[in-house]
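# Overview (structure and organization)
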Amino acid sequence: MKFLPILALSFLFMLPGISSAQADQKKVYEEFAFLKEFAGKDADFIKSTLGEPDSIEKKENTSGMIEFWIYRDLVTQVNSDKRYRFTQIGIVNDAVETLGHTNRIPNK
């Protein structure tokens, strides 16, 4: 009976169309759809939908601390299959304050 769970897991990986590489792929968003879905949301929604950011940069300004959550290769350019290399989400007081996309490495 100890081998039954292992056998069941082995069978799942043999099914057509299912692979560990596909499971690791994250959803890619069209630029305007991304803005519509994530503008004004809270930090928990961002993490539950997109997962952990690839990096986080923190900066202090007159309003307090702002975190920039940076995701890679997440958003396609309008009317194109080309992806922006970086998407930066500015979080202030646990809510999305800014959204931006770029192909340049964000400043640290």
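The structure contained in this document is the topic of the report that follows. (Residues numbered from 1 in each chain as written. Predicted model: local features only at pLDDT ≥ 70, side-chain atom pairs only at ≥ 80, totals over all residues. Heavy atoms only, no water.)

## Description of the sheet that holds strand β6 (residues 95-102)
Defined as follows: Should DSSP find at least two bridges between two strands, the strands are taken to pair. Each helix corresponds to a stretch of at least 4 residues labelled H or I by DSSP, and each strand to a stretch of at least 2 residues labelled E; elements are numbered beginning at the N terminus. Helix axes are fitted to C-alpha atoms over the stretch in contact, other axes to C-alpha atoms as well, and angles between N-to-C directions run from 0 to 180 degrees.
Taken in spatial order, the four strands line up as β2-β3-β5-β6 in an open sheet, and their pairing is antiparallel. The outermost strands of the open sheet, each flanked by one partner alone, are β2 (55-61) and β6. Strand-to-strand twist of the sheet, defined as the mean angle between neighbouring strand axes without regard to direction, takes the value 20°. Sheet analysis places strand β5 (residues 86-92) next to β6, joined by seven bridges and oriented antiparallel.

## As for the packing of aromatic side chains
Two numbers describe a pair of aromatic rings. These are the distance of the centres and the angle of the planes. Rule in force here: Here is the rule: rings of Phe, Tyr and Trp (six-membered ring for Trp) pair when centre to centre is within 6.5 Å. Planes less than 30 degrees apart are stacked, more than 60 are edge-to-face, and the remainder are tilted. Exposure classes here rest on a 1.4 Å probe applied to the protein chains alone. A residue is buried below 20% of its type maximum, exposed above 50%, and partly exposed in between. Both a distance and an angle decide whether a charge sits over a ring: NZ of Lys or CZ of Arg must be within 6 Å of the ring centre and within 35 degrees of the ring normal.
For the structure on display, the rule yields four aromatic pairs. Arranged with centres 5.6 Å apart and planes meeting at 70°, the rings of Y29 and F34 form a pair that is edge-to-face. Assessed through its relative accessible area of 6%, Y29 is described here as buried. Between F34 and F38, the ring centres sit 4.7 Å apart and the planes meet at 40°, which makes this aromatic pair tilted. One end of the pair is F34 and the other is F38, both in helix α3 (residues 31-38) and four residues apart, which spans about a single turn. Taking the relative accessible area as the measure of exposure, F38 reaches 0% and is therefore buried. One aromatic cluster is present, formed by Y29, F34, F38 and F45 through successive ring pairs. Above the plane of the ring of F45 lies K41, whose end atom (NZ or CZ) is 5.3 Å from the centre.

## Describing the pattern of salt bridges
What counts is decided by this rule: A pairing counts as a salt bridge when a side-chain nitrogen of Lys or Arg comes within 4 Å of a carboxyl oxygen of Asp or Glu.
Tallied over the full model, the rule gives two salt bridges. Among the ionic pairs, K58 bridges to E67, the shortest N-O distance being 3.6 Å. For K58, a relative accessible area of 56% gives the class exposed. According to the relative accessible area criterion, E67 is partly exposed, its value standing at 21%.

## Let's talk about the nonpolar core
Convention followed: Working definition of a nonpolar core: buried Ala, Val, Leu, Ile, Met, Phe, Trp, Tyr and Cys residues. They are joined through side-chain atoms within 4.5 Å. In what follows, residue pairs with any heavy atoms lying within 4.5 Å of each other are defined as contacts.
Counting 14 residues, the largest nonpolar core has F34, I46, L50, W69, Y71, L74 and I89 as the members making the most contacts within it. Elements with a contribution of two residues or more to this core: α3, α4 (43-50), β3 (64-72) and β5. Sort the elements by how many residues they give to this core and α4 lands first, with three residues. If sequence neighbours within four positions are ignored, L50 has contacts with Y29, F34, F38, Y71, L74 and I89.

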